[in-house]
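Here is how the chains run, residue by residue.
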Amino acid sequence: MKKDIVSRIKNRKPFFISFLALLIAGFIYLGFSTDASLEFPVSGHFPFLVNVFLINVTFMGDTVFAVCLALIMFFFYKRKREGLAVFISFALTETAVQFHKNLGASSAGCRLFFEDGQTRFFNNPDLAGLYAGSISGHTAIAFALATVMMLILKNTRWQFPLLAGAVLLGISRMYLAGHWLSDILIAAGTGTISGLLAYCLSYGSLAITNRRKYFIRLLNRNSKPGHAVQPVHVQ
């Protein structure tokens, strides 16, 4: 199983190389930027249809979307291993995001942070820039889901569409919620690492479970009358 996980990751090199290239390019831009807020210049209003499109794109990084995706895979498609991997990726990502946000607001005490889908079109002008300077939870979840789905799917052609979708969602968070580019880059790294860990944990844990079931079947078979219990050798 360990070899299978490693080979699966190696076969997805274009995804990780492209992701690292984008991440490095983003940090290089920030390093040479003279803007103290480290904000990428995504400003102004797009046409109506573009706004509708971005609002729907940003929903794919929402908690409801991630949980529903895991439940659909687990119960509807009966892909329990894949559904478990999706849910673990969301759980790990959300835990990391909440920790990071609480760390940045330690004076307010420990609490749960919730992020609206968009603030640009709210009537309250005080909400503009509400999330600037804090890690983007939507972006982190999007990259976690993209990573784990890329590893789950056998068809490697989905690598770039999944990465492009996650990047587009990150841009939508900068436009709709006023996140800085630094918020998006940190969230992308957090989500990708969480997706990798979720894939390894879910497949590894199920491999152990399957091995345990194999031992139980051997013991039950050998415990029948007339059968001597044979020692089990683990390869």
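Residues numbered from 1 in each chain as written. Predicted model: local features only at pLDDT ≥ 70, side-chain atom pairs only at ≥ 80, totals over all residues. Heavy atoms only, no water.

(A) Quick look at the packing of aromatic side chains. In this structure the tally under the stated criterion is six aromatic pairs. The interplanar angle of 80° and the centroid separation of 5.3 Å between the aromatic rings of Phe 15 and Phe 16 together place this pair among those described as edge-to-face. For the ring pair Phe 76 and Tyr 77, a centre distance of 5.0 Å and an interplane angle of 90° mean the geometry is edge-to-face. When its relative accessible area of 53% is taken as the criterion, Tyr 77 is described as exposed. (Phe/Tyr/Trp six-rings, centres within 6.5 Å; stacked < 30°, edge-to-face > 60°. Buried < 20%, exposed > 50% of the residue type's maximum accessible area, 1.4 Å probe, protein only.)

(B) Expanded view of the packing of helix α2 (residues 13-32) against helix α6 (residues 137-152). At a closest axis distance of 11 Å, the pairing of α2 and α6 adopts a crossing angle of 155°. The angle between α2 and α6 falls in the class roughly antiparallel. The handedness of the crossing between α2 and α6 comes out as left-handed. Contacts between α2 and α6 pair Phe 15, Phe 16 and Phe 19 from the former with Phe 143, Ala 146, Thr 147 and Met 150 from the latter. Residue classes in the contact of α2 with α6 are distributed as six nonpolar, one polar and no charged. (Axes fitted to C-alpha atoms, helices over the stretch in contact; angles between N-to-C directions. Helix = DSSP H or I, 4+ residues; strand = E, 2+ residues; numbered from the N terminus. Parallel < 35°, antiparallel > 145°, perpendicular 65-115°, else oblique. Left-handed = near helix turned anticlockwise from the far one by under 90°. Contact = heavy atoms within 4.5 Å. Nonpolar A, V, L, I, M, F, W, Y, C, P; charged D, E, K, R; others polar.)

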